[in-house]
Amino acid sequence: MEIILEGKDLTVTFPAKGKPPFTALDHVSFSLYAGETLGIAGESGSGKSTLARVVMRLLDPAQGTIFLSGEDITHMRGRALRGIYHDIQMVFQDPVSSFDPRRTLGDGIGESLRNRGLPRAEIRQRVIALLRQCELPEEYAGRYPHEVSGGECQRAAIARALAVQPRILICDEATSALDVTVQMEIMELLKRLKKEQGLSCLFISHNLALVQSFCDRLLVMHEGRVAEEGLVDKVIRNPQSEYTKLLIECVL
């Protein structure tokens, strides 16, 4: 199988006043294969979201390398980095704050298309198609983030991520701010979109039940390190590390 995204020996440190630097990621490595979903699980502070931000190039690692289809993207800047975002998109935890409150959802969804120079009429058509694809009526293009529910706003955020037809979708706790019923609806949407578009996914969550229902493989993180990795059912049914055993006992 083709490795579409890979991190090798990623290390991230943050300065701490009067103390040694805090290590948020400590020599973390992972591989994401084309068409699969890799779950990244662990408690708060384990380094999950830091890893997502490094992969999205929102943070620079102090050490390590990120490869996209074999190409080193670790230190890309400017136009080259913008090109990466055609391949990788991210859905964030808080959908409302991920949109500009002064602009409509349609404006937010169409931003990447405007940046690519598409005509206004085509952008409008694409935005409507994306909304429908994510099970929202076309009139939602004219609504503002505060005028819709959290689940509806997250659907719009997924539509925005899909606008450039990425190969990889990173979901960083994308359902944790939603109630249980809406969580399930969003998960069913993600499953359908993944199948229809052949997406590869990094699914970051503290919810092991969601991870087990959606992911092919699982990487468990603890204090910035990889505690365990393997096929998701195998890890959950037969955990090898003491931390993974404790995590499963607490949440399943």
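Parameters at a glance
Residues numbered from 1 in each chain as written. Predicted model: local features only at pLDDT ≥ 70, side-chain atom pairs only at ≥ 80, totals over all residues. Heavy atoms only, no water. Pairing = 2+ DSSP bridges. Helix = DSSP H or I, 4+ residues; strand = E, 2+ residues; numbered from the N terminus. Axes fitted to C-alpha atoms, helices over the stretch in contact; angles between N-to-C directions. Contact = heavy atoms within 4.5 Å. Buried < 20%, exposed > 50% of the residue type's maximum accessible area, 1.4 Å probe, protein only. Polar contact = N/O pair within 3.5 Å; in protein donor to acceptor, adjacent residues only side chain to side chain. Salt bridge = Lys/Arg side-chain N within 4 Å of Asp/Glu carboxyl O.

A. Region of interest: the pairing of strand β10 (residues 225-231). In terms of strand pairing, strand β9 (residues 217-222) meets β10 through six bridges, oriented antiparallel. From the neighbouring strand, H222 faces β10, where its bridge partner is R225. Here β9 folds back onto β10, and the loop between the two strands holds two residues, one of which, E223, carries a positive phi near 50°.

B. Geometry of the sheet that holds strand β3 (residues 37-41). Across the sheet, six strands lie side by side as β6-β7-β8-β3-β9-β10; this open sheet has mixed pairing. The sheet is open, and its two edges are formed by β6 (88-91) and β10, each paired on a single side. With direction set aside, neighbouring strand axes in the sheet form an average angle of 15°. Relative to strand β7 (residues 168-172), β6 runs parallel, the two being bridged by four bridges. Each residue of the ladder has a partner; that of M90, found in β7, is I170. The sheet contacts of helix α1 (residues 48-55) involve β3, β6, β7, β8 (200-205) and β9, and relative to β7 the element is tilted by about 150°.

C. Looking closely at the side chain of E36. Relative to the helices and strands, E36 is located in the loop between β2 (19-33) and β3. The class of E36 is buried, set by a relative accessible area of 6%.

D. Molecular detail of the environment of Q63. By secondary structure assignment, the location of Q63 is in strand β4 (residues 63-68). On a C-alpha basis, the gap between Q63 and I3 in space is 21 Å, while along the polypeptide they are 60 residues apart. Look past the residues within four positions of Q63 in its chain and what remains in contact with it is D9, L10, T11 and H27. Among the polar contacts listed, one links the side chain of Q63 to the side chain of D9, at a separation of 2.6 Å.

E. Representation of unusual backbone geometry in the model. At Q165, a residue that is not glycine, the phi angle is positive and equals roughly 55°. Residue placement: Q165 occurs in the loop between α5 (150-162) and β7. Classification of Q165 by relative accessible area gives exposed; the value is 60%. Of note, the phi angle at E223 is positive, near 50°, even though the residue is not glycine. The exposed category is assigned to E223, whose relative accessible area is 58%.

F. Spotlight on the pattern of salt bridges. Within the structure shown, the criterion is met by 17 salt bridges. Of the charged contacts, one joins R57 and D60 as a salt bridge, the two residues approaching to 2.8 Å between their closest N and O atoms. Its salt-bridge partner being R103, residue E111 comes within 4.0 Å of it at the nearest N-O pair. One salt-bridge network, held together by shared partners, links E135, R155, E185, R192 and E196.

G. Representation of α1. Counted residue by residue, α1 has six buried out of eight residues, so it is predominantly covered. Taken together, the buried positions of α1 are occupied by K48, T50, L51, A52, V54 and V55. Two residues or fewer past α1, R57 is found with a positive phi of approximately 65°.

Just distances and angles here, no functional claims.
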